[in-house]
Amino acid sequence: MTASPSAKPAKPKLAFRPLPVPQVDVHGFWGDRVDAVAARTADILYERCVEARMLEQIDPDRPAPGVVIPFHSPSPDEAASVGFTGSTVTTQMFWDSDWGKTIETAAYSLYRRKNPALEKRIDAVIDMYEKLQQEDGYLSSWYQRIQPGLRWTNLRDCHELYCAGHLIEGAVAYYQATGKRKLLDVMCRYVDHIASVLGPEPGKKKGYCGHEEIELALVKLSRVTGERKYMELARYFIDQRGLEPHFFDEEARARGADPKAYHFKTYEYNQSHKPVREQDKVVGHAVRAMYLYSGMADIATEYGDDSLRVALDRLWDDLTSKSLYITGGLGPSAHNEGFTSDYDLPNETAYAETCASVGLVFWASRMLGMGPNARYADLMERALYNGSISGLSLDGSLFFYENPLESRGKHNRWKWHRCPCCPPNIGRMVASIGSYFYGVAEDAFAVHLYGDSTARFDIGGVAVSLTQASNYPWDGAVEIAVEPQAPVAFTLHLRIPAWSAGAALEVNGETVKLADVTSDGYAAIRRTWKKGDQVRLDLDMPIERLYANPQVRQDAGRVALSRGPLIYCVEATDNDSQLHRVSLPRTAGVEAQHRPELLGGVVTLSALAQADAADGWQNGLYRPEPPATSQTRLTAIPYFAWDNREPGEMLVWLRDG
Ligand SMILES: [Zn+2]
């Protein structure tokens, strides 16, 4: 065994912390998205949770609703029988997590827009949780109200700590947004209870959650309360994962089940097949994987733990070179909601859960805690602008769970889902987008994302405001005004995206040669900044034809279009021909056009393409002559905006002509 517990706490080398949500005002592209969440999604999440009967489950003053969502097969009767070893799961078990994320979305939305009615409703939800909490600190609406007596018997399948994690994140966000600490105090008591049951000390269970999440939540809790013990518990969960004897085996035996009868067959499903430092392939359930790696990255940053960092880099390489959709989507299979084999990236059946792309944003942003590196930031941006926000309609009211790259017109947005994990996940991510823009270290400041925004932060004891004026992502010109209250020396790191080969940088009108100052994809400008300093970054935004590694069978002979951070798709409504009949000649010029009236204002791409004609095929399915072709105008829109108009076909990977 090569794994060892995390190294002794070392001083973090160069920890970059994200700015809290209220310290960044976003406008422009992301401002519109945040407004949609704050004005619509946040209320919708609450209302749909209530419609789903979630309020009844957490309110101790009302009768419990019983099992509203049936157990997955086999039935609860079988589940109660001696020796039962199958699934005992219903998505109703995760309702506390939906509340946690709904609280978090509401909290971040309150920074954007006062909403006293919503705040009152969330206060009432929090009152219910406070009342529900048991004397010993335990808190789970499922195990207290629906299946009492079974707590801590199936961490592998039943999301008990996952639910706690989401409630912790909700509590931290709500405290930060409103100053109200009731839920934070409730969750601290619960975590103290968890630490009395699980942990390395003799007599405690050596357990951790089958669905990772609490690890990253505990890091947030530790940062906001200043309590190191919560960080230690997060580190314990990460260090313990996958050690032998395997906790999930022991736990199964303890409840009279055969560990080998595990529904998903392998602990790869929940990334506990090996100690985390030995893991080198991204496997199993995609969202779980992303949350685990996010927690590992936090602990690597907090403890200066290079052994975790090395493992994370191996995992990053594996994901990005073999298993990531061009949209930043991941996890192609519905069966395990996750990964299959290398280069298996089907388009029409892509699962690519919204939560998985959101999880990739979480992971990538936490890798940036260890220092600016475009290797992570470029893909964070890819997932942000494409595979994650595709999960939310432009008006903030409808959702996708799966994000395929091809549709025959039947994959449409829905109002709610029996497993509604995605709506509040994309809601909270969008509402907190400001915190992904920047990172601040002791004497350095990093700009990870571009777009109209103002950041306020302290560096070297001096208050600084930094304003970006830009029409990004539609245009690559970025004007940055640095306004420190007094002159202060720090390094400003600016991401130079890999797709922008012709970027140009000026500081106060003087050209800076990028090759001289750029490493890991970030330009570093060290100087004493003073009021009135201006940085101008011009990112060229070439329209690119992108091709897949030939080992990806589903993309052979196909081409995708991108411009800047955006991946494009074609939709039936903008195009005359059936989409599979169109091919894009390699010689065709592709033009960008700003269309302020379309889809809230987008840049479209268009080109003259060839379409296979249906003429002469009336009498048969096959013939020796190929179809005739005719010229057609192809119009592509940004992928994130698809299925916001009438239903129809959609295609990302076009035939390469
Ligand atoms: Zn989801």
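Residues numbered from 1 in each chain as written. Predicted model: local features only at pLDDT ≥ 70, side-chain atom pairs only at ≥ 80, totals over all residues. Heavy atoms only, no water.

**Comments concerning the sheet that holds strand β4 (residues 438-441)**
The mixed open sheet is built from 6 strands, whose spatial order is β1-β4-β5-β9-β13-β12. The sheet is open, and its two edges are formed by β1 (17-18) and β12 (518-519), each paired on a single side. Pairing between β1 and β4: 2 bridges, direction antiparallel. Across the sheet, the residue bridging to Arg-17 is Val-440, located in β4. Most of the contacts of helix α15 (residues 374-388) go to strand β9 (residues 488-495), to which it runs at about 60 degrees, and overall it touches β9 and β13 (522-529). (Pairing = 2+ DSSP bridges. Helix = DSSP H or I, 4+ residues; strand = E, 2+ residues; numbered from the N terminus. Contact = heavy atoms within 4.5 Å. Axes fitted to C-alpha atoms, helices over the stretch in contact; angles between N-to-C directions.)

**Re the nonpolar core**
With 221 residues, the main nonpolar core has Trp-363 and Phe-445 as its most contacted residues. In terms of residue count, the dominant contributor to this core is helix α12 (residues 286-303) (12 residues). (Core = buried A, V, L, I, M, F, W, Y, C linked by side-chain atoms within 4.5 Å. Buried < 20%, exposed > 50% of the residue type's maximum accessible area, 1.4 Å probe, protein only.)

**Observations concerning the packing of aromatic side chains**
Inspection of every chain in the model, using the stated rule, returns 32 aromatic pairs. Consider the rings of Tyr-262 and Phe-264, whose centres lie 6.1 Å apart with planes at 65 degrees: the pair is edge-to-face. For Tyr-262, a relative accessible area of 1% gives the class buried. Among the residues examined, Phe-264 registers a relative accessible area of 23% and is labelled partly exposed. An aromatic cluster of three or more residues is present, and its members are Phe-29, Trp-30, Tyr-385, Tyr-450, Tyr-472, Trp-474 and Phe-640. (Phe/Tyr/Trp six-rings, centres within 6.5 Å; stacked < 30°, edge-to-face > 60°.)

**Here we look at the UniProt feature "domain: Non-reducing end beta-L-arabinofuranosidase-like GH127 middle" (unreviewed entry) in the chain**
Taking the UniProt record as the reference, the feature "domain: Non-reducing end beta-L-arabinofuranosidase-like GH127 middle" (unreviewed entry) is found at residues 446-541. Each end of residues 446-541 is marked by a C-alpha atom, and these two atoms are 21 Å apart; helix forms 4% of the span and strand 59%. (UniProt positions renumbered as here; feature names shortened; annotations may be inferred.)

**Quick notes on the coordination of the zinc ion**
Distances from the zinc ion to its protein donors, Glu-353 (OE), Cys-355 (SG), Cys-421 (SG) and Cys-422 (SG), fall within 2.1 to 2.3 Å. Positions of the donor residues of the zinc ion, expressed as sequence spacing, correspond to E-x1-C-x65-C-C. Here Glu-353, found in the loop between α13 (306-322) and α14 (354-367), pairs with Cys-422, found in helix α16 (residues 422-431); they are 69 residues apart in sequence, far enough to count as distant. (Donors = N, O, S within 2.8 Å, 3.2 Å for Na, K, Ca; no water.)

**Topic: the pairing of strand β10 (residues 504-507)**
A one-sided burial pattern is seen for β10, the buried positions being Leu-505 and Val-507 and the unburied ones Ala-504 and Glu-506. Bridge count between β10 and strand β14 (residues 533-538): 4 bridges; the pairing is antiparallel. Residue pairing for β14: Val-507 is matched across the bridge by Val-535. Pairing of β10 with strand β11 (residues 510-512) involves 3 bridges; the strand directions are antiparallel. Paired with Leu-505 across the two strands is Val-512, which belongs to β11. Once β10 ends, the chain turns through 2 residues before running back antiparallel as β11, passing Asn-508 with a positive phi of about 50 degrees.

**A look at the side chain of Glu-571**
Here Glu-571 shows up in strand β17 (residues 566-571). Engagement of the side chain of Glu-571 in a polar contact is seen with the backbone nitrogen of Asp-643, the distance being 2.8 Å. Every residue in contact with Glu-571, bar those within four places of it in the chain, is listed here: Leu-579, Ile-637, Trp-642, Asp-643, Arg-645, Glu-649 and Met-650. (Polar contact = N/O pair within 3.5 Å; in protein donor to acceptor, adjacent residues only side chain to side chain.)

**A look at unusual backbone geometry**
Cis geometry is adopted by the peptide bond preceding Pro-245, which originates at Glu-244 and carries an omega value of -5 degrees. One can find Pro-245 in the loop between α10 (228-240) and α11 (247-254). A positive phi angle is found at His-159, which is not glycine, with a value near 65 degrees. Examined against the element boundaries, His-159 turns out to sit in the loop between α6 (141-145) and α7 (160-178). Overall, His-159 belongs to the buried group, its relative accessible area being 6%. With phi around 60 degrees, Asp-643 is a residue other than glycine that occupies positive phi space. Of note, Asp-643 is situated in the loop between β21 (629-638) and β22 (650-651). Residue class for Asp-643 comes out buried when judged on its relative accessible area of 8%.

**A closer look at the packing of helix α8 (residues 182-197) against helix α9 (residues 214-225)**
The N-to-C vectors of α8 and α9 enclose an angle of 120 degrees; their axes lie 12 Å apart at closest approach. In terms of orientation, α8 lies oblique with respect to α9. Between α8 and α9 lies a crossing whose hand is left-handed. Contact residues: Leu-184, Cys-188, Val-191 and Ile-194 in α8; Ile-214, Leu-218, Leu-221, Val-224 and Thr-225 in α9. For the contact of α8 with α9, the residue count by class is 8 nonpolar, 1 polar and no charged. (Parallel < 35°, antiparallel > 145°, perpendicular 65-115°, else oblique. Left-handed = near helix turned anticlockwise from the far one by under 90°. Nonpolar A, V, L, I, M, F, W, Y, C, P; charged D, E, K, R; others polar.)

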